[in-house]
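Breakdown of the fold
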Amino acid sequence: MAKKNQGFKNIKRTSKKEISKKKRIKKTFFRTYLFRLLGIGFLLSLLAVGVLLGSVYIGLWGKLPDYYTLRTIKNANASEIYSEDGAVLGRIYAENRTNVNFKDIPIDAINALIATEDVRFYEHQGVDQRSLLRVLVKSLVLGDRSSGGGSTLSQQLSKNLYPRKDFGIFSMPVNKMKEAITASRLEKIYSKKEILQLYLNTVSFGENVFGIESASRQFFSKSVSQLETHECAVLIGMLKAPTFYNPRLHPERSKQRRNVVLSQMAKYKFISEQRVKELQDLSLRINYQKQSNQTGLAPYLRERVRIEANAILQNYPKEDGSYYDIYRDGLHIVTTLDSRIQMHAERAVAEHMKNLQALFKQHWGNQSPWGNTDEVIQDAKVKSERYKNLKEKGKSEKEINLIFSKKVNMKIFTWNGDKEVEMSPLDSLKYYVQLLNTGFLAMEPNSGKIKAWVGGIDFAHFKYDHVKAKRQVGSIFKPIVYAAALEEGFSPYDYFPNERKVYEEYDNWAPRNADDLYEGSYSMEGALAESVNTIAVDVLLESGIGNSIVMAEGMGIESSLPQVPSLALGTADISLYEMIQVYATLANRGVRIDPYYIARIEDNKGRLLVDFSSSREENRLVLSSENADIINHMLEAVVNNGTAKSLRSVYGLRGELAGKTGTTQLQADGWYIGYNSKLVAGAWVGAEDMRIHFNSLALGQGASMALPIYGKFMHKLATDRNFNQYTNARITKPDEEILAELNIPHYLPPESNFFDNLFGLKNQDADKLMKRKERKERKERRDSEKKSIYQTIKNIFKRKN
């Protein structure tokens, strides 16, 4: 029995040993299997990575940029528009970027970038293998698609140059591999300095701003070379999340991020701890200036330059035959504008138009300027973009009317700044149709340079450029009529009866004077100074409508001119741009010089591409200098004694000035153009719809609507010593004999005939009138003799033939 028990115990011990041994064998086998499995998995992973890398390398996931492409990297570089005095007026861009050289980037910006984004930048060759491996493991093994980080500056540059694409679950690893390969190639082509320069010229700072130079201008209103250390830290801090750390939108976050960047700089010994503490204690200060095509000086002219420059450059291709692109090639476009004169012009416009709009509103009170009919509003509605879009979508008139009557939140223009309101689209039309607009232009008559261009009251809201818009010009056309008459032999000493006539051959048309008075006689100068309509029409018809049209075209008018007597009253639609040329011709003593506003265009290296100042058409004499001087003398009387005399009494202008006011029917348009020998400037004022106007001649005439802009503008120039050459310039006078004889009464009263008036005048005036009468008779005899001689010669040629 004992033996049996002993045997049982031995068997039991043996079984336990075998079980234990089996367990050890199983554990060993499991570990071996696990290691083999892991090894196989690792090898498969390496193989997968290798296959993926190979597929990326050979371009199965999209072609990689080759070495040639990388050597010719070209960022879209904004072109800049400059004034003649060197101020940046604005920028034209696909991306708001200005490339900058490495030497112009502060060392603090470089150090901040390296300390924050890639501290081992100078040690690697484009790829940080440890960081890349970490990202790949997270992406492939753990499936973490959001795993980021580990990118060097060179890889970030690759991403900026060639944005990532969506490849589903493989997006992160494929994009990372593409960036790593591209970064490695970049490092073989460019030096470390060049990579830093490329990076800082490429990176986005939000708000459609690219590159550190553009960011510096937008957030600090200065060039990157002028940035201080803490300002560099603000911009570099934005790179992590441009919107989240935007110093304008989130100043506290931006300050915290700036301080983190400064701490990183201290950590890696770029600045001292003490200096960091000083900088971190500074408040966040920015000088934000939004770079936009909608704001800044001369937006209307900048828009015209944008449209015209690309067309101009089609005639000046690059050496390789391709064409310059103002949106990408970083061109320097220099205009003829003076930024200071432009600023004076814009301020003069804003000051007057704000007051005039308030006066217009007060004038009409609770009444609607369009009266009892809604035709004006309906026309505005049909022309609106909202209406056109709804029509394109197939909406019925009933549906459109419902949409137009429903109130919505919108932003409207006011003279106190944009205003958020709840208003129906129909009410907004009623609001906008009442707004008065304007155009203003200033030009050097002897050079053709445009010095100021204001196309409207606010470019952001009203894109239509009124400098080029065509409207009826009113009485500012009259000097052309009188100039043509002088060229046809009319005497400036003649008197013309102020009579209202009916012209049966022109549908019984009977012109009226603004004051509705028809009596006495005016000299040519008096008729022009007082803007007498009846005499202007008489002179036009007597001298020939065709002659006035030829004179107008010679002086710069390209618009179609109707051959009707009302042309003398300015019923033709002509632009301010054209009329300025007419008066510039007078100021230039009959010599026409075409205006221009683009002086030259340079490439991004400053090399001259085209120079318009040296490639202009020859000047043309279109009016004799003697007759131009006479017209100038007459238009001086407009300023000294006529409809523009408020320039002296209200605006205190003291220099020699000539000019002319203009008012169209029902006060729809107000005009004034003034000049001396160095500067001609003019303004138009009116509503977009000619049916909206002042219901009073006193308020709606050119002397009230447009002249104040010129008066304020010239007053600002007069108080700015930089522009004495414009405000102190003189007007060329006729010679002394003619000038003395022109000094006759403007007006002869109706109760006497010529000789009765003669006896009522002072002796010296009577002598002048007698001389004038004798000279007229002599001229008539000479003209008769010339005509007789011409006829005799003509008869001789006829007989020979």
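Note that this is a predicted model, so its numbers are computed, not measured.

1. A closer look at the pattern of salt bridges
Under the defined criterion, the tally for this structure stands at 33 salt bridges. A salt bridge links Arg-691 to Asp-379; its shortest N-O distance comes to 2.8 Å. With Arg-691 in the loop between β20 (680–687) and α25 (697–700) and Asp-379 in helix α14 (residues 375–383), the pair connects residues that are 312 residues apart, well separated along the chain. Between Arg-512 and Asp-516 there is a salt bridge, with its nearest N and O atoms 2.7 Å apart. For Arg-512, a relative accessible area of 46% puts it in the partly exposed group. Members of the salt-bridge network, linked through shared partners, are Glu-80, Arg-91, Glu-213 and Arg-217.

2. Here we look at the packing of aromatic side chains
If you walk through the whole model with that rule in mind, you get 17 aromatic pairs. Ring centres of Phe-360 and Phe-694 lie 5.0 Å apart, and the angle between their planes is 85°; on these two criteria the pair is classed as edge-to-face. Of this pair, Phe-360 sits in helix α13 (residues 339–364) while Phe-694 sits in the loop between β20 and α25, placing them 334 residues apart in sequence. Seen in terms of ring centroids, Tyr-432 and Phe-462 are 5.8 Å apart; in terms of plane orientation they differ by 75°. Their pairing is edge-to-face. You can see Tyr-432 sitting in helix α17 (residues 425–432) and its partner Phe-462 sitting in the loop between β9 (450–454) and β10 (470–472), a full 30 residues away along the chain. Assessed through its relative accessible area of 24%, Tyr-432 is described here as partly exposed. What links up through ring pairs into an aromatic cluster is the set Phe-413, Trp-415, Tyr-431, Tyr-432 and Phe-462. Across from the ring centre of Tyr-288, 4.9 Å away, lies the NZ or CZ of Arg-248, which sits over that ring.

3. A short note on a nonpolar patch on the surface
On the surface, Tyr-33, Leu-34, Phe-35, Leu-37 and Leu-38 cluster together into a nonpolar patch covering about 530 Å² of accessible area. Inspection of the secondary structure puts Phe-35 in helix α1 (residues 2–57). On the basis of relative accessible area, Phe-35 is assigned to the exposed category, the value being 57%.

4. Quick notes on the pairing of strand β16 (residues 608–611)
Pairing between strand β15 (residues 598–602) and β16: three bridges, direction antiparallel. Residue Arg-600 lies in a different strand from β16, and its bridge partner there is Asp-611. What sits between β15 and β16 in their antiparallel hairpin is a turn of five residues, with Gly-606 showing a positive phi close to 90°.

5. Structural notes on the sheet that holds strand β21 (residues 747–748)
Ordered by their spatial adjacency, three strands build an open sheet running β11-β12-β21, and the pairing between neighbours is antiparallel. Only two strands of the sheet have a single neighbouring strand rather than two, namely β11 (495–497) and β21. Bridge analysis of strand β12 (residues 521–523) against β21 gives two bridges, and the strand direction is antiparallel. By the bridge assignment for β21, Ser-521 is matched with Leu-748.

6. What about the sheet that holds strand β19 (residues 669–675)?
Read from one edge of the open sheet, five strands run β9-β8-β20-β19-β18, paired in antiparallel fashion. The open sheet has two edge strands, β9 and β18 (658–663), and neither has a second partner. Neighbouring strand axes in the sheet, compared pairwise and without regard to direction, differ in orientation by 5° on average. Relative to β20, strand β8 (residues 436–443) runs antiparallel, the two being bridged by eight bridges. Bridging from a neighbouring strand, Thr-438 pairs with Val-685 of β20. Where α13 meets the sheet, its contacts fall on β8, β9 and β20, and the angle it forms with β9 comes to roughly 30°.

7. Re the nonpolar core
With 135 residues, the main nonpolar core has Phe-440, Phe-477, Met-579, Tyr-583 and Phe-713 as its most contacted residues. Ranked by the residues each element gives to this core, the list is headed by helix α22 (residues 576–587), at nine residues. Apart from residues lying up to four places away in sequence, Phe-477 is in contact with Ala-552, Ile-557, Leu-561, Leu-567, Ala-568, Gly-570, Ile-574 and Met-579.

8. Some details on empty space enclosed by the protein
One pass over the full model with this rule turns up one cavity of 30 Å³ or more. Approximately 30 Å³ is the volume found for the largest cavity. Residue lining of the largest cavity: Arg-592, Ile-593, Asp-594, Arg-616, Glu-617, Glu-618, Asn-619 and Arg-620, and that is the complete set. Here the lining of the largest cavity is built from residues that sort into one nonpolar, one polar and six charged.

9. A word on helix α3 (residues 107–117)
Most of α3 sits inside the fold, with eight of its eleven residues counted as buried. Tucked into the core, α3 has its buried residues touching α5 (153–161), α7 (192–202), α8 (212–220), α9 (229–238) and α10 (251–267).

About the criteria used
Residues numbered from 1 in each chain as written. Predicted model: local features only at pLDDT ≥ 70, side-chain atom pairs only at ≥ 80, totals over all residues. Heavy atoms only, no water. Salt bridge = Lys/Arg side-chain N within 4 Å of Asp/Glu carboxyl O. Helix = DSSP H or I, 4+ residues; strand = E, 2+ residues; numbered from the N terminus. Buried < 20%, exposed > 50% of the residue type's maximum accessible area, 1.4 Å probe, protein only. Phe/Tyr/Trp six-rings, centres within 6.5 Å; stacked < 30°, edge-to-face > 60°. Lys NZ or Arg CZ within 6 Å of the ring centre and 35° of its normal. Patch = residues over 30% accessible without salt bridge, like charges linked within 9 Å, V, L, I, M, F, W, Y side chains within 5 Å. Areas by Shrake-Rupley, 256 points an atom, 1.4 Å probe, with all protein chains shown as cover. Pairing = 2+ DSSP bridges. Axes fitted to C-alpha atoms, helices over the stretch in contact; angles between N-to-C directions. Contact = heavy atoms within 4.5 Å. Core = buried A, V, L, I, M, F, W, Y, C linked by side-chain atoms within 4.5 Å. 1 Å grid on protein atoms, 1.4 Å probe; cavity = no way out; pocket = protein on both sides within 12 Å on 5 of 7 lines; lining within 4 Å. Points joined across faces, edges and corners; volume = space filled by probe spheres on them. Nonpolar A, V, L, I, M, F, W, Y, C, P; charged D, E, K, R; others polar.

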